[in-house]
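# Survey of secondary and tertiary structure
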Amino acid sequence: MTPTATVDPIALRLRRLEEIAAAVSASGRALGLLALGSAAETARLDAWSDLDFFVIARPGAKAALVEDLTWLGAAAPLGHAFRNTGDGWKALFADGVFCEFAVFEPQELAAIPFAPGRLVWRDAAFDPALAEPAPRPKAEAPDDDWQVGEALTNLLVGLGRWHRGERASAFRFIQVYAVDRVIALAGREAPAGGADPFSPERRVEARLPALAPDLAAMMPGVDRSPEAARAVLAWIERRRPVAPALRAAILELCGGER
């Protein structure tokens, strides 16, 4: 949503977090408010940021906070709210600030995957150590051969869907799944900070500026998947050898060699 020109949108969002914290504290049902994403890393907060947060409920109070949003409306008037999970909501305030949140009791946090956040407010009874993400075994990342193989076979499957008339499925295989693998490979070529562990495509233009100019050709739209497949194939071929049989099959499905 386009921010209102007369209001400092960053100050508005920071203030709204404080208002939500005050409202959830006043409910008597919470122990803390944990900001996440750009709401936690406030240097990244801008006019288009959503407010992501966890409400940490007192034991036994989670259901009341999830079922009745009176406390959220006390922070600022609500325009719309949609319950998107069993634990939480997406909500639009009347002034255009959008938030997404979940409610957890302290004992649940250890089982929830999340990036480090910022405690906007906590009750004196709440141990802040509980708001730190629990250590988890780091999964071994697939190697480059897997990334390349997956990208190329995604192109092959996607082009088959294209010729079958399944434009939406072709788009996803070529311009989403294969491009995801390109992003992963580009990140290994030029590792940079700021990667989102849950959404690798986030901030890719700033993180991987060498890749950014190629993205338009790789993601030109649902009606141009063969052109997208050519662009992805060309990007990979500049870096890795491609099996001639696989290359030929992809190019044939794209409409022949050029």
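Scope of this entry: the structure provided in the associated data block. (Residues numbered from 1 in each chain as written. Predicted model: local features only at pLDDT ≥ 70, side-chain atom pairs only at ≥ 80, totals over all residues. Heavy atoms only, no water.)

## Regarding the overall build of the chain
Put simply, the rule is: Helix numbering and strand numbering both begin at the N terminus, where a helix is a DSSP run of H or I of at least 4 residues and a strand a DSSP run of E of at least 2. Contacts are assigned to residue pairs that have any heavy atoms within 4.5 Å of one another. Each accessible area value is a Shrake-Rupley result obtained with a 1.4 Å probe; residue values ignore everything except the protein chains displayed when judging cover.
Tallying secondary structure elements over the chain gives nine helices and six strands in all. Partitioning the contacts of the chain with sequence separation of at least 6, the portion at a separation of at least 24 is 62%. Entry remark: accessible area of the chain is about 13,400 Å², with carbon and sulfur atoms responsible for 57%.

## Overview of the packing of helix H8 (residues 225–237) against helix H9 (residues 244–254)
Quick reminder of the rule: For helices, the fitted axis covers only the stretch in contact; all axes are lines through C-alpha atoms, and the angles between them, taken along N-to-C directions, range from 0 to 180 degrees. In these notes the angle categories are as follows: under 35 degrees is roughly parallel, over 145 is roughly antiparallel, 65 to 115 is roughly perpendicular, and the rest is oblique. Left-handed is the label given to a crossing in which the near helix is rotated counterclockwise from the far helix by less than a right angle, and right-handed is the label when the rotation is clockwise. Note that Gly is not counted as nonpolar here; it falls among the polar residues with everything else outside the nonpolar set of Ala, Val, Leu, Ile, Met, Phe, Trp, Tyr, Cys and Pro and the charged set of Asp, Glu, Lys and Arg.
Between H8 and H9, the least distance of the axes is 9 Å, while the angle of their chain directions is 155°. Taken together, the axes of H8 and H9 are roughly antiparallel relative to one another. H8 and H9 meet at a crossing whose hand is left-handed. Between H8 and H9, the contacting residues are Pro 226, Ala 229, Arg 230, Leu 233 and Glu 237 on the first element and Arg 247, Ile 250, Leu 251 and Cys 254 on the second. Looking at the contact of H8 with H9, its residues break down into six nonpolar, no polar and three charged.

## Observations concerning the pattern of salt bridges
For the record, the criterion: Counted as salt bridges are all cases of a side-chain nitrogen of Lys or Arg within 4 Å of a carboxyl oxygen of Asp or Glu. For every residue, the accessible area (1.4 Å probe, protein chains only) is compared with the maximum for its type, and the residue is labelled buried under 20%, exposed over 50%, or partly exposed between those bounds.
Summed over all chains, the structure comprises 13 salt bridges. When the shortest N-O distance is used, the salt bridge between Glu 19 and Arg 16 registers 2.7 Å. Pair noted here: Glu 19 and Arg 16 are both in helix H1 (residues 9–26), with a separation of three residues, about one helical turn. Its salt-bridge partner being Glu 166, residue Arg 164 comes within 3.5 Å of it at the nearest N-O pair. We classify Glu 166 as partly exposed; its relative accessible area is 32%. Among the charged side chains, a network of salt bridges with common partners joins Arg 15, Arg 16, Glu 19 and Asp 95.

## Digging into the nonpolar core
Our working rule: Here the nonpolar core consists of buried residues drawn from Ala, Val, Leu, Ile, Met, Phe, Trp, Tyr and Cys, with membership extended through side-chain atoms lying within 4.5 Å.
Within the largest apolar cluster, 31 residues are counted, with the highest numbers of intra-cluster contacts made by Val 55, Trp 71, Leu 72 and Phe 101. Listed by contribution, the elements that provide at least two residues to this core are H1, strand E1 (30–36), strand E2 (51–57), helix H2 (62–67), helix H3 (70–75), strand E4 (88–93), strand E5 (98–104) and strand E6 (118–122). With six residues, H1 is the single largest residue contributor to this core. Non-local contacts of Phe 101, meaning those with residues more than four positions away in its chain, are made with Phe 53, Leu 69, Trp 71, Leu 72, Gly 88 and Trp 89. Judged by nonpolar contacts, the second largest core, of 28 residues, contains Ala 151, Leu 155, Ile 174 and Ala 229.

## Things to note about the sheet that holds strand E3 (residues 78–83)
Heads up, the rule is: Two strands are said to pair when DSSP picks up at least two bridges between them.
In space, the six strands of this open sheet follow the order E3-E4-E5-E2-E1-E6, with mixed pairing throughout. The two strands at the open ends of the sheet, each matched to only one other strand, are E3 and E6. Ignoring strand direction, the axes of neighbouring strands in this sheet form an average angle of 25°. Strand direction decides the pairing type here: E1 and E2, joined by six bridges, are antiparallel. Considered in E2, the bridge of Leu 33 is made with Val 55. Along the sheet face, H1 touches E1, E2, E4 and E6 and points at about 40° away from the line of E6.

## Some details on H8
Rule in force here: The span one expects for a helix is its residue count, reduced by one, times 1.5 Å.
Taking 1.5 Å per residue as the helical rise, H8 with its 13 residues ought to reach 18 Å, and the 18 Å between its terminal C-alpha atoms agrees with that figure. Of all 13 residues making up H8, ten are buried, and the element is well covered by its neighbours. Within H8, the full set of buried residues consists of Ser 225, Pro 226, Ala 228, Ala 229, Arg 230, Ala 231, Val 232, Leu 233, Trp 235 and Ile 236.

## Re the packing of aromatic side chains
Worth spelling out the cut-off: Working definition: rings of Phe, Tyr and Trp (its six-membered ring) pair if their centres are within 6.5 Å, and the pair is stacked with planes under 30 degrees apart, edge-to-face with planes over 60 apart, and tilted otherwise.
Applying the stated rule across the entire model yields five aromatic pairs. Taking the centre distance of 5.3 Å and the plane angle of 75° together, the rings of Phe 54 and Phe 114 count as edge-to-face. Of this pair, Phe 54 sits in strand E2 while Phe 114 sits in the loop between E5 and E6, and the two are 60 residues apart along the sequence. Classification of Phe 114 as buried rests on a relative accessible area of 9%. Between Phe 173 and Tyr 177, the ring centres sit 5.0 Å apart and the planes meet at 80°, which makes this aromatic pair edge-to-face.

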